[in-house]
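Remarks on the overall topology
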Amino acid sequence: MNKSKWSFFSRRKLSGDLIFEGVVGLFAVFVLVIAFLLFRELFVESELSRNAFGFGFLTHSTWDPVSEVFGALPFIFGTVVSAFLALVIAVPFSLGIAIYLSELAPEKLRTPLSFIIELLAAIPSVIIGLWGIFILAPFIRDYLAPVLSTYLGFLPLFQGPMYGLSMLTGGVILAIMIIPITSSISKEALLTVPIQQREGALALGATGWETTRMAVLPYARSGIFGAVILGFGRAIGETMAVTMVIGNSPRISESLFAPSYTMASVIANEFVEATSKLYISSLIEIGLMLLLISIIVNIAARILVSKLLKVEGGGRA
Amino acid sequence: MKLKIAIILILAGVLLAGCVSNQPAQVQPTTTVQPTKSLETVTLNGAGATFPYPLISKWSSQYYGINPNIQINYQSVGSGAGIKQITARTVDFGASDAPLTEQEYTNVSGILQIPESIGAVVIAYNLPGIQKGVKLSGDVVADIFLGKIKKWNDPKIVSLNPEIQFPDKDIIVAHRSDGSGTTFVFTDYLSAVSPDWKSKVGKGKSVNWPVGLGGKGNEGVSGLLTQNPYTVGYIELAYAKLQNIPYAYIKNKAGKFIEPTLETTANAASGAVSTLPAGDASWSSVSIVDATGDNSYPIGSFTYLLVYKDQTDQTKGKMLAEFLWWAVHDGQKYSSELLYVSLPEEVRSLNEKTIKLMNYNGQPLIQG
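As the structure is a prediction and not an experimental result, all values here were calculated from the model.

Re the overall build of chain B
Scanning chain B for helices and strands turns up 13 helices and 13 strands. Sorting the 368 residues of chain B into buried and exposed places 48% on the buried side. Sequence separation of at least 24 residues holds for 71% of the intrachain contacts in chain B that already meet a minimum separation of 6.

Description of the overall build of chain A
The number of helices and strands found in chain A is 14 helices and two strands. Seen along its three principal axes, the alpha-carbon backbone of chain A occupies a region of about 65 × 60 × 30 Å. Taking all 317 residues of chain A together, 40% fall into the buried category.

Here's the deal with the sheet that holds strand β10 (residues 257-258) of chain B
Residues and elements named next belong to chain B. The sheet built from three strands is open, its strands ordered β5-β9-β10 with mixed pairing. Strand pairing shows two members of the sheet lacking a second neighbour, β5 (135-136) and β10, which therefore form its edges. Direction of pairing for β5 relative to strand β9 (residues 249-251): parallel, over a ladder of two bridges. Within β9, the position partnered with K135 by the bridge is Y249.

Section: the interface of chain A and chain B
Each side of the interface is counted separately: chain A has 30 residues, and chain B has 36 residues. When contributions to the side of chain A that touches chain B are tallied by element, the ones reaching two or more residues are α2 (15-45), β1 (63-64), α7 (125-152), α12 (240-245) and α13 (263-270) of chain A. Element by element, the count of residues in the side of chain A that touches chain B is highest for α2 of chain A, at five residues.

Thoughts on the sheet that holds strand β7 (residues 213-215) of chain B
In sheet architecture, strand pairing relies on hydrogen bonds along the backbone and comes in two forms, parallel and antiparallel. Residues and elements named next belong to chain B. Read across the open sheet, the eight strands follow the order β2-β1-β3-β11-β4-β8-β6-β7; overall the sheet is mixed. In this open sheet, the two strands that pair with only one neighbour each are β2 (70-76) and β7. Each adjacent strand pair in this sheet contributes to an overall mean axis angle of 25 degrees, direction not counted. The strands touched by helix α7 (residues 181-193) within the sheet are β4 (111-126), β6 (172-176), β8 (231-236) and β11 (300-308), with β4 carrying the most contacts at an inclination of about 75 degrees.

Details of the packing of α7 of chain A against helix α8 (residues 167-191) of chain A
All names here are of chain A. Put simply, α7 and α8 touch, their axes get as near as 10 Å, and they point 135 degrees apart. The pairing of α7 with α8 is recorded here as oblique in orientation. Note that α7 runs across α8; the crossing there is right-handed. Here S125, I128, G132, L136, A137 and I140 of α7 lie close against α8, whose contacting residues are L168, T169, V172, I173, I176 and M177. A breakdown of the residues in the contact of α7 with α8 according to their chemical character gives nine nonpolar, three polar and no charged.

Points about the packing of helix α5 (residues 73-104) of chain A against α8 of chain A
Residues and elements named next belong to chain A. Two elements in contact, α5 and α8, have axes whose closest approach is 6 Å; the angle formed by their N-to-C orientations is 35 degrees. Remark: the crossing between α5 and α8 carries right-handed chirality. Partitioned by chemical class, the residues of the contact of α5 with α8 number 21 nonpolar, eight polar and two charged.

Side note on helix α3 (residues 79-87) of chain B
Residues and elements named next belong to chain B. In terms of burial, α3 is a largely internal element, eight of the nine residues being buried. Here α3 has its buried residues at S79, G80, A81, G82, I83, K84, Q85 and I86. Here the buried face of α3 lies against β1 (42-48), β3 (93-96), α4 (102-107), α7 and β11. Positive phi appears at R89, one or two residues downstream of α3, with a value of about 55 degrees.

Topic: the pairing of β1 of chain B
Consecutive side chains of a regular strand alternate in pointing toward one face of the sheet and then the other. All names here are of chain B. Taken across its seven residues, β1 has five buried, putting it largely inside the fold. In the sheet, β1 pairs with β2 via seven bridges, with the strands oriented parallel. Paired with A47 across the two strands is Q75, which belongs to β2. Chirality of the crossover, the property in question, places the unit of β1, helix α2 (residues 53-66) and β2 among those that are right-handed. In the sheet, β1 pairs with β3 via three bridges, with the strands oriented parallel. Along β3, the bridge assignment pairs G48 with A95.

With respect to the nonpolar core
Core analysis: the largest hydrophobic core is formed by 176 residues, its most contacted members being I173 and V245 of chain A together with V122, I123, V307 and L324 of chain B. Once residues within four sequence positions are removed from consideration, L324 of chain B is found in contact with I114, L305, V307 and I355 of chain B.

Some points on unusual backbone geometry
The residue N248 of chain A is not glycine, and still its phi comes out positive at about 50 degrees. Within the fold, N248 of chain A resides in the loop between α12 and α13. Of note, R89 of chain B is a non-glycine position whose phi angle comes to about 55 degrees, a positive value. Looking at where R89 of chain B falls in the secondary structure, it is placed in the loop between α3 and β3.

Re the environment of L100 of chain B
Residue and element names in this part refer to chain B. Considering the arrangement of structural elements, one finds L100 in the loop between β3 and α4. L100 sits 135 residues away from I235 along the chain, and the two C-alpha atoms are 22 Å apart. When sequence neighbours within four positions are dropped, the list of residues in contact with L100 reads I83, Y105, I111, Q113, W283 and S284.

Points about helix α12 (residues 314-328) of chain B
Between its terminal C-alpha atoms α12 of chain B stretches 21 Å, which fits the 21 Å expected from 15 residues at 1.5 Å a residue. Considered for burial, the residues of α12 of chain B that qualify are K316, G317, M319, L320, A321, F323, L324, A327 and V328 of chain B.

Considering the confidence of the model for chain A
Mean pLDDT over chain A stands at 87; residues scoring 70 or higher make up 92%. Low pLDDT, under 50, characterises residues 312-317 of chain A; the stretch is placed with three contacts to residues that sit more than four places away or in other chains.

Describing the confidence of the model for chain B
In low-pLDDT regions, the fine details of the predicted coordinates are not to be read closely. Within chain B, residue pLDDT values average 86, and 89% of them lie at 70 or more. When the criterion is pLDDT under 50, residues 14-38 of chain B qualifies, and its contacts beyond four places in sequence or with other chains add up to eight contacts.

Focus: the pairing of β8 of chain B
All names here are of chain B. With respect to burial, β8 is a largely interior element, six of its six residues being buried. Examined bridge by bridge, β4 and β8 share six bridges and lie antiparallel to one another. Bridging from a neighbouring strand, Y125 pairs with V232 of β8. Judged from the three bridges that link them, β6 and β8 form a sheet pairing that is parallel.

Quick notes on the environment of S255 of chain A
Residues and elements named next belong to chain A. The topology assignment puts S255 in the loop between α12 and α13. Classification of S255 by C-beta neighbours within 10 Å gives partly exposed; the count is 19. For the pair S255 and P161, spaced 94 residues apart in the sequence, the C-alpha separation amounts to 9.4 Å. Those residues in contact with S255 that lie beyond four places of it in its chain are P156, L157, F158, Q159 and G160.

The rules behind the values
Residues numbered from 1 in each chain as written. Chains lettered and ligands numbered in written order. Predicted model: local features only at pLDDT ≥ 70, side-chain atom pairs only at ≥ 80, totals over all residues. Helix = DSSP H or I, 4+ residues; strand = E, 2+ residues; numbered from the N terminus. Buried ≥ 20, exposed ≤ 12 C-beta atoms within 10 Å, placed from the backbone. Contact = placed C-beta atoms within 7 Å. Pairing = 2+ DSSP bridges. Axes fitted to C-alpha atoms, helices over the stretch in contact; angles between N-to-C directions. Parallel < 35°, antiparallel > 145°, perpendicular 65-115°, else oblique. Left-handed = near helix turned anticlockwise from the far one by under 90°. Nonpolar A, V, L, I, M, F, W, Y, C, P; charged D, E, K, R; others polar. Right-handed = clockwise from strand over helix to strand, strands pointing away. Core = buried A, V, L, I, M, F, W, Y, C linked by C-beta atoms within 7 Å. Expected span 1.5 Å × (residues − 1). pLDDT = per-residue confidence, 0-100.

Here it is in structure tokens:
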């Protein structure tokens, strides 16, 4: 594929080009080296913990720094459930925003609205966390939780006392934080749907909603799915804001009103004051698990997004 | 095309050159000492606990007025990180809220531990209509944090406070989620007064809490306290005073209920002086919780500065020793305005002996 380009360069014998290629190539390799070293460091440094606890590290739920017994299950549970909860809340919102921006919004509104939504992603997470402690947590405790327990209280999900800091609050904060990325990528996916697709549906007598539902959404399906996965990845890795509102209690509870704990939070909370070797090693192993989950999620997203780009090329031609 | 590439290469070259030449320029002022005596400026770098940070900052600015050639940088990165940095010798002094454990002490040979100030931890609460001064004893506090006492009108609490009408409400327990010296002091106290706590939970900077919600930092716990009625938690005395959060009077070893103040905390420290080891010995078992004395508040702890006995740089070592000497004497007068407990006379004289141990090639760095 690059053959013609390459022979063009070599014919001209531009040594400058070769140097340039070498330099930028080095930069690219540099990133790979850093990623590899990071992974290697986490793997090597977690050896003590891997040897001491083995696979039980992932299945035991006692986290006791005093007697040095470490099991990461509550953190894995908290991370996965809070990220999943965030998706449940954020996906309908993001899809709504994306559909409005790509299909319905007047041309004049589109750019400023997209801009504002993306601006939300630029707010530092500690600010969102403080807002979560002082505004969101009391609001959920006083208004949302009573409503949920009144109407859905028969589900174990909405039982028990609610003190503001909880899995639910963590999920809502995460949802707010992933809406910008999920909605803007979904919007891009919807915008790649060829106009003929819409015109065809409308010509067959479909209403606006039917056009979106039957002609546009299925076409952009994989792109939207990729956006959701990227949002999930963001939610898994988010640390500061969720640490401030989730309650930091390493226990597995079926109620969303109970406090919980995430993998990123326990590292942020305890790493600085951890001094014993096994303790540090266990925290590093949590980091390793987090990195593995993030890598898997991101690779899945990449594959889906690249599938989307192929569809786009075909559609336009 | 050629021109563009040439420009890019030149820019890249400039960028690289910039990266390379910047490094030594940044490092220089902190490590080198000007040879001429009259002009020498020394930077002392420290790292460690967040608790003494306001006090050390105050010292740093005040000491600059006394000796403008000395600059003190302190990073408040947490006790654990402070211990790691002094062990790796990347700083000139460390600071820790807890004494070095036996293991840490053997890891850093030749370390001196100098108590610089004293901190108190209070049991704060949010009980609508009830001011400060609810009386609690150690075993009751332990039972609350173990989840055994669940209601505010539990007979054990009521019997200590017959004059107060307690509500029939669940107690919400708030604790620190981040590893901290405050947690260490509090759990050290509970381990001292409750065998049950000692066997089930123990003491540490992070522990496996049987019940409760975790807030990040003093601000996280006080956020929980102020927003949720019927919450109980533990925070630093200074923080409770500044935020005006009511706190309990705690029963001490002599059986008296003591209000946490700077004075009652200092009493606990002076009561413990006779048991303190030498500055270069291990302090791992030192504790002033549940101290003797009629008027001693039982939940407190020294906070320590950590320095090496054998200094490797004569000028710097001398400056450091002089600063420490000043800090444990004149520096103490800034304590109370910042709500720190100043060191009792007995601890100051112990520190004098410790600082005199600091030497360069066997030569003591300070004469007193």
